[in-house]
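Residues per chain, in single letters:
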Amino acid sequence: MRSTAPQVEMDAESRERFEEQALPHLESLYRLALRLTGAAATAEDLVQETYLRALRRFSTLRDPGRMKPWLCQILSRLAIDRHRSARREVPLPAPEELDRFSLYDLIWEEDPLPYSDRLHDDFLAQFPDEEVRAALLALPEAYRVPLVLLYTEELSYRELAEILGCPVGTVMSRLHRGRKILERELWDYAIRQGWVRTWKAES
Amino acid sequence: MGLRHSAGMGEDMESRKLSCTQAVQQFFVYLDNALKGDDVADLEAHLEACLDCCERLEFSRKLDALVRTRLAGASLPEGIEQRIRRTLAG
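Rules behind the numbers
- Residues numbered from 1 in each chain as written.
- Chains lettered and ligands numbered in written order.
- Predicted model: local features only at pLDDT ≥ 70, side-chain atom pairs only at ≥ 80, totals over all residues.
- Helix = DSSP H or I, 4+ residues; strand = E, 2+ residues; numbered from the N terminus.
- Buried ≥ 20, exposed ≤ 12 C-beta atoms within 10 Å, placed from the backbone.
- Contact = placed C-beta atoms within 7 Å.
- Core = buried A, V, L, I, M, F, W, Y, C linked by C-beta atoms within 7 Å.
- Domains from an automatic or database assignment.
- Arc of directions from axis to C-beta.
- Axes fitted to C-alpha atoms, helices over the stretch in contact; angles between N-to-C directions.
- Parallel < 35°, antiparallel > 145°, perpendicular 65-115°, else oblique.
- Left-handed = near helix turned anticlockwise from the far one by under 90°.
- Nonpolar A, V, L, I, M, F, W, Y, C, P; charged D, E, K, R; others polar.

Moving on to the overall build of chain B. If you tally the helices and strands in chain B, you get 5 helices and 0 strands. For chain B, the N- to C-terminal ordering of α and β elements is α-α-α-α-α. A buried classification covers 17% of the 90 residues belonging to chain B. Considering only contacts in chain B between residues 6 or more positions apart, those separated by 24 or more positions represent 61%.

The following block contains the structure:
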């Protein structure tokens, strides 16, 4: 691990119990960390920090059945705290402007694939895997974290609210706005790729 | 999705419980299985009668599926579990 971490004072039996309950979630945690940070080395560091912090606080976990959401919570909060400034983030438009944004309508209006009879499907099919991930990584943490949790862990709004420590209503509005920002990022990519050629693309 | 027709939510929805704008605002919650009770029934009744909203919903569903697929399947780095066990052992 790259960061210096204080030693954890704990008897061997408790540590063994912790590993038994926590390590089966390693794959999920690593995937979550990778999608939140975008880089394998940073993701591994984040996972290591998560496990270390969880071990230190293991005695506070009352219900072992809650191990996975608890680990996701620790990881998400670490990601928000520690990796906030490490990445390019898109400037946000005004909420009303974002609410009006519709990728569906823009595809109709700009018609980037004039010979397609499955316009919207073909538009989406053009995006390379990496670009979709990059678009998500460009979202501000407040929107990226709930979206990544939703998409990778299939959590309910209530579980998301618990993990993020905010009301369900806040989760809902962040997921809504996050998806809108993501749509806008994908449209911007289409413009940069020259898929959209009309004068409107420059405005 | 698939057939070309004019964009926009032009249909008169006054006779229904939900307007197209209200229906579209609920799409994400519906796709996340978080819409409940009467709200689901109202939205589905609207969708039964509104082709434009059906196609919009289908687009949102496909976009969601695209992102979900692109985020799935990250293989673990070799030796990560051993490294974590070592860290935990101090």
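Okay, the overall build of chain A next. Scanning chain A from N- to C-terminus turns up 11 helices and 0 strands. Mapped from its N terminus to its C terminus, chain A presents α and β elements in the order α-α-α-α-α-α-α-α-α-α-α. For chain A, the residues scored as buried account for 36% of the 203 residues in total. Contacts in chain A between residues far apart in sequence, at least 24 positions, make up 71% of those at least 6 positions apart.

Our next topic: the nonpolar core. Within the largest apolar cluster, 57 residues are counted, with the highest numbers of intra-cluster contacts made by Ala33(A), Leu75(A) and Val148(A). No fewer than three residues from each of domain 1 (12-82) and domain 2 (95-202) of chain A sit in this core. Residues contacting Ala33(A), with those up to four places away along its chain left out, are Ala43(A), Leu46(A), Val47(A) and Leu75(A). If you look at the next biggest cluster of nonpolar residues, it comprises 7 residues, including Ala23(B), Val24(B), Cys50(B) and Leu57(B).

When cut into domains, chain A gives domain 1 (12-82) and domain 2 (95-202). Taken together, the contact between domain 1 of chain A and domain 2 of chain A spans 12 residues of the former and 13 residues of the latter.

Let's shift gears to helix H8 (residues 129-137) of chain A. Within H8(A), the full set of buried residues consists of Val132(A), Ala135(A) and Leu136(A). One side of H8(A) carries all its buried residues, which in axial view fall inside an arc of 100°. Contacts from the buried residues of H8(A) go to helix H9 (141-153) and helix H11 (168-192) of chain A together with helix H4 (51-71) of chain B.

Here we take up the environment of Ser76(A). Residue and element names in this part refer to chain A. Take Ser76: it is sitting in helix H4 (residues 67-82). Overall, Ser76 belongs to the buried group, with 24 C-beta atoms counted inside 10 Å. It is 18 Å that separates the C-alpha atoms of Ser76 and Ser173, two residues lying 97 residues apart in sequence. Leave out the neighbours within four places in its chain, and Ser76 touches Val145, Leu149, Ile163 and Leu164.

Helix packing geometry: the angle between the two helix axes and the distance between the axes. Residues and elements named next belong to chain A. At a minimum axis distance of 9 Å, the contact between helix H3 (residues 40-56) and H4 shows a crossing angle of 125°. Comparing the axis directions of H3 and H4 gives the class oblique. Between H3 and H4 lies a crossing of right-handed hand. Across from Leu46, Glu49, Thr50, Arg53 and Ala54 in H3, the residues of H4 making contact are Leu71, Ile74, Leu75, Leu78 and Ala79. A per-class count over the contact of H3 with H4 returns 7 nonpolar, 1 polar and 2 charged.

Right, let's get into the interface of chain A and chain B. Residue-level contacts link 42 residues of chain A with 27 residues of chain B. Elements represented by at least two residues in the side of chain A that touches chain B include exactly helix H1 (12-22), helix H2 (26-37), H3, helix H6 (103-110), helix H7 (119-125), H8, H9 and H11 of chain A. Class assignment for the residues of the side of chain A that touches chain B results in 22 nonpolar, 6 polar and 14 charged.

Looking now at the environment of Tyr151(A). Along the chain, the position of Tyr151(A) falls in helix H9. Sequence separation between Tyr151(A) and Asp117(A) is 34 residues; the distance between their C-alpha atoms is 29 Å. The contact partners of Tyr151(A), leaving out residues within four places of it in the chain, are Val67(B), Arg68(B) and Leu71(B).

With that settled, the discussion passes to the environment of Arg177(A). All names here are of chain A. Among the secondary structure elements, Arg177 is positioned in helix H11. A tally of 21 C-beta atoms within 10 Å means that Arg177 is categorised as buried. It is 8.0 Å that separates the C-alpha atoms of Arg177 and Pro95, two residues lying 82 residues apart in sequence. In contact with Arg177, not counting residues within four places along its chain, are Leu98 and Tyr143.

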